[in-house]
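Here are the chains, one letter per residue:
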Amino acid sequence: EAAAALTSVEHWICDALVAPDAALESTLKTNTEHSIPAIDVAPNEGKLLYMLAKMNNAKRILEVGTLGGYSAIWFAKALPEDGKLITLEINPERAQIAATNISNAGFASKVEIKLGPALSTLERMGAESTEPFDMIFIDADKDNNPGYFKWALKLSRKGTVIVVDNVVRYGKVIDKNNVESPVMGVRKLFEMLKVEKRVGTYVPCGESRSMMWDETERKLVFHRPQFVW
Ligand code: SAM
């Protein structure tokens, strides 16, 4: 689990367009104090999730992978008063810290954290004939993406927005020799999407960018040189 540091340009975009939010900032601070890895979505990605939820008038949102509750708080901000986010997390310490962060942000009544391996939780939710969700965010162990996508389809309705994070894997998806399990999980997901006629897809390839202006070095640099091949 490694954090992708924001580039100078991403910082500039966030400073310009993502208004500071005390609850979100204090969540990141609390997470760092508890040594939770900084693998939350970036502020501009949180804003995108927020906007997608708003655009789809989402009242029910499902998230797979809570971590410390950073993206959960973005979703809760987008939900109406009677809206609900169900978020799934396997790690009890992370779930506990997320619950505190979400409560401190004033969203305890809108958010339910379900603790346990997400595939089992989804199986239970399926058996309980849970009402379909308006938006689903998949951001947990990438190996299980095919299973999460299968469940996302079962728990969807026509018009549900499904977002899957980190699907470019820095371009490793096209390296035929790469058999890392997250890469394999993402490849399998693409195979499913290729034949899934009910779902329209869009994949921004930002992760695989090679060069970017660096304000500190004041030149174009390879930001993730280890992944450029
Ligand atoms: N969505 C979060 C955010 O942006 O604030 C980040 C989620 S983090 C990338 C992935 C989380 O998924 C981790 O907290 C990890 O413990 C959790 N996770 C990993 N495997 C899981 C599983 N099988 N079931 C449920 N959660 C899992």
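What this report covers is the structure whose coordinates are included nearby. (Residues numbered from 1 in each chain as written. Predicted model: local features only at pLDDT ≥ 70, side-chain atom pairs only at ≥ 80, totals over all residues. Heavy atoms only, no water.)

A probe matching the size of a water molecule, rolled over the atoms, marks out where space remains unfilled. What the second largest pocket holds in volume is close to 270 Å³. Taken together, 14 residues make up the lining of the second largest pocket; nearest its centre are Cys14, Val18, Glu25, Pro43 and Tyr70. Within the residue set of the lining of the second largest pocket, elements represented by two or more residues are helix H1 (8-17), helix H2 (22-33) and helix H4 (70-78). By residue class, the composition of the lining of the second largest pocket is 10 nonpolar, 1 polar and 3 charged. (1 Å grid on protein atoms, 1.4 Å probe; cavity = no way out; pocket = protein on both sides within 12 Å on 5 of 7 lines; lining within 4 Å. Points joined across faces, edges and corners; volume = space filled by probe spheres on them. Helix = DSSP H or I, 4+ residues; strand = E, 2+ residues; numbered from the N terminus. Nonpolar A, V, L, I, M, F, W, Y, C, P; charged D, E, K, R; others polar.)

The subject of this paragraph is the site of the ligand. In the neighbourhood of the ligand, 20 residues make up the surrounding shell, with Val41, Gly65, Ser71, Glu89 and Ala118 lying closest. In the environment of the ligand, an oxygen atom lies 3.4 Å from a nitrogen or oxygen atom belonging to the backbone of Leu67. Interatomic distance of 2.9 Å between a backbone N/O atom of Ala118 and a nitrogen atom of the ligand. Within the complex, the protein chains bury 92% of what would otherwise be the 610 Å² of accessible surface of the ligand. Split into classes, the residues belonging to the shell around the ligand amount to 10 nonpolar, 4 polar and 6 charged. (Near = heavy atom within 4 Å. Polar contact = N/O pair within 3.5 Å; in protein donor to acceptor, adjacent residues only side chain to side chain. Areas by Shrake-Rupley, 256 points an atom, 1.4 Å probe, with all protein chains shown as cover.)

The strand order E3-E2-E1-E4-E5 describes an open sheet built from 5 strands, whose pairing is parallel. In this open sheet, the two edge strands, each paired with only one partner strand, are strand E3 (111-115) and strand E5 (161-164). For this sheet the average axis-to-axis angle between neighbouring strands, irrespective of direction, equals 15°. Both strand E2 (residues 84-89) and E3 contribute to a ladder of 5 bridges, which runs parallel. Bridge pairing in E3 links Glu89 to Leu115. The strands touched by H4 within the sheet are strand E1 (60-64), E2, E3 and strand E4 (135-138), with E1 carrying the most contacts at an inclination of about 170°. Helix H7 (residues 145-154) contacts E1, E4 and E5 of the sheet and is inclined by roughly 175° relative to E4. (Pairing = 2+ DSSP bridges. Axes fitted to C-alpha atoms, helices over the stretch in contact; angles between N-to-C directions. Contact = heavy atoms within 4.5 Å.)

Our focus in this paragraph is H4. At 3.6 residues per turn, the α-helix brings residues three or four places apart onto the same side. The element H4 is extensively covered by neighbouring structure, given that 8 of its 9 residues are classed as buried. Three or more residues of H4 are buried, namely Tyr70, Ser71, Ala72, Ile73, Trp74, Phe75, Ala76 and Ala78. (Buried < 20%, exposed > 50% of the residue type's maximum accessible area, 1.4 Å probe, protein only.)

Applying the stated criterion to the full structure yields 9 salt bridges. For Glu112, the salt bridge goes to Lys114, with nearest N and O atoms at 3.2 Å. For Glu112, a relative accessible area of 27% corresponds to the partly exposed category. One salt bridge in this structure joins Lys172 and Glu180, with 3.3 Å as the shortest N-O distance. Under the relative-accessibility criterion, Lys172 is labelled buried at 17%. For Glu180, a relative accessible area of 38% translates into the label partly exposed. A network of salt bridges, in which partner residues are shared, links Lys84, Glu112 and Lys114. (Salt bridge = Lys/Arg side-chain N within 4 Å of Asp/Glu carboxyl O.)

Our next topic: the nonpolar core. Judged by nonpolar contacts, the single largest core of 25 residues is most densely connected at Ile61, Phe75 and Met135. The set of elements that each furnish at least two residues to this core consists of helix H3 (43-55), H4, helix H5 (92-104) and E4. Per-element tally for this core: the top contributor is H4, with 7 residues. Contact partners of Met135, with chain neighbours within four places excluded, come to Leu49, Leu52, Ala53, Ala58, Arg60, Ile61, Leu62, Phe75, Thr160, Val161 and Val163. Counting 14 residues, the second-largest nonpolar core is a separate cluster that includes Ile136, Ile138, Tyr148 and Trp151. (Core = buried A, V, L, I, M, F, W, Y, C linked by side-chain atoms within 4.5 Å.)

Shape descriptors only; they carry no functional weight alone.
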